[in-house]
Amino acid sequence: MIYETKNRNETFELGKKLSEDASPGDIYCLSGDLGAGKTAFAQGFAEGLGVKEDVTSPTFTILCVYEGGRLPFYHFDVYRFEDSFELEDIGGDEYLYGDGVCLIEWPEKIKDHLPENIKNVVITKDITKGGDFRRIETDF
Ligand code: ADP
Ligand code: MG
């Protein structure tokens, strides 16, 4: 599906809506440049799952775990990874093959370590349509 959003809130709301179909073990890969809106999408997704805590960007922590929603929510930002081995170092498989939902920012960094059944979300800007325009393409 292709969606278009005109501001951060619309991306947040899209994440919230798409979380309704999330099932245990689902892995969502969020691709897009810095500032594309991956974290905004993830924050809406978390709210849709019923996460009550504030969801912050895990850029410095790599992984944030949120329990208490409809499903456990595992929010990764692996921007700082050099390669997939670092995922093993943090025990990533426990989450990737767990019963919660994973959302991964910068999945290309660990693409050779991801299972095949992932759901992809690609966020791109189109500056000709304004600074806040985003095109959000999903393969589900
Ligand atoms: P990323 O995690 O991809 O680096 P963030 O979600 O942290 O991106 O930041 C996106 C930034 O872009 C925020 O400052 C947000 O307010 C802004 N923004 C402007 N328009 C949009 C939009 N349509 N969707 C999402 N974010 C937007
Ligand atoms: Mg981010």
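Here the structure is a predicted model, which means the values were calculated and not measured.

Novice: Would you mind going over the nonpolar core with me for this structure?
Specialist: The nonpolar side chains of a soluble globular protein tend to be buried with one another. Within the largest apolar cluster, 22 residues are counted, with the highest numbers of intra-cluster contacts made by F41, F45, F73 and L103. When contributions to this core are tallied by element, the ones reaching two or more residues are α1 (8-18), β2 (27-31), α2 (38-49), β3 (63-66), β5 (101-105) and β6 (119-125). In terms of residue count, the dominant contributor to this core is α2 (five residues). With residues near it in sequence (within four places) discarded, F45 still touches G15, K16, L18, S19, A22, Y28, F73, V101 and L103. In this structure, L63, V78, L96 and W106 belong to the second largest nonpolar core, which totals 16 residues.

Novice: Explain the coordination of the magnesium ion (ligand 2) here, please?
Specialist: When a metal holds four donors in a tetrahedron, each ideal angle between them is 109.5 degrees; when it holds six in an octahedron, the ideal angles are 90 or 180 degrees. For the magnesium ion (ligand 2), the full set of protein donor atoms is T39 (OG1) and E105 (OE), and the range of their distances to it is 2.1 to 2.2 Å. Of this pair, T39 sits in helix α2 while E105 sits in strand β5, and the two are 66 residues apart along the sequence. Residues T39 and E105 agree in their burial class; the two are buried.

Novice: Looking at this structure, how should I read the sheet that holds strand β4 (residues 73-77)?
Specialist: Strand pairing within a sheet occurs via backbone hydrogen bonds; the two strands may be parallel or antiparallel. Taken in spatial order, the seven strands make up an open sheet running β1-β7-β6-β2-β5-β4-β3, and their pairing is mixed. On the outer flanks of this sheet lie β1 (2-5) and β3, each paired with one strand and no other. Neighbouring strand axes in the sheet, compared pairwise and without regard to direction, differ in orientation by 15° on average. Contacts from α1 reach β1, β2 and β7 (134-138), with the element oriented near 145° to β1. Strand contacts of α2: β2, β4, β5 and β6, with the helix running at about 170° to β5, the strand carrying the most contacts.

Novice: When you look at the site of ligand 1 in this model, what are you seeing that I'm missing?
Specialist: In the vicinity of ligand 1, 16 residues are found, and the nearest of them are T11, G35, K38, T39 and D132. Note that an oxygen atom of ligand 1 is positioned 3.2 Å from one of the side-chain N or O atoms of E105. Elements that contribute at least two residues to the shell around ligand 1 include exactly α1 and α2. Ranked by residue count, the leading element in the shell around ligand 1 is α2, at three residues. Considered class by class, the residues forming the shell around ligand 1 number three nonpolar, six polar and seven charged.

Criteria and cut-off values
Residues numbered from 1 in each chain as written. Chains lettered and ligands numbered in written order. Predicted model: local features only at pLDDT ≥ 70, side-chain atom pairs only at ≥ 80, totals over all residues. Heavy atoms only, no water. Core = buried A, V, L, I, M, F, W, Y, C linked by side-chain atoms within 4.5 Å. Buried < 20%, exposed > 50% of the residue type's maximum accessible area, 1.4 Å probe, protein only. Helix = DSSP H or I, 4+ residues; strand = E, 2+ residues; numbered from the N terminus. Contact = heavy atoms within 4.5 Å. Donors = N, O, S within 2.8 Å, 3.2 Å for Na, K, Ca; no water. Pairing = 2+ DSSP bridges. Axes fitted to C-alpha atoms, helices over the stretch in contact; angles between N-to-C directions. Near = heavy atom within 4 Å. Polar contact = N/O pair within 3.5 Å; in protein donor to acceptor, adjacent residues only side chain to side chain. Nonpolar A, V, L, I, M, F, W, Y, C, P; charged D, E, K, R; others polar.

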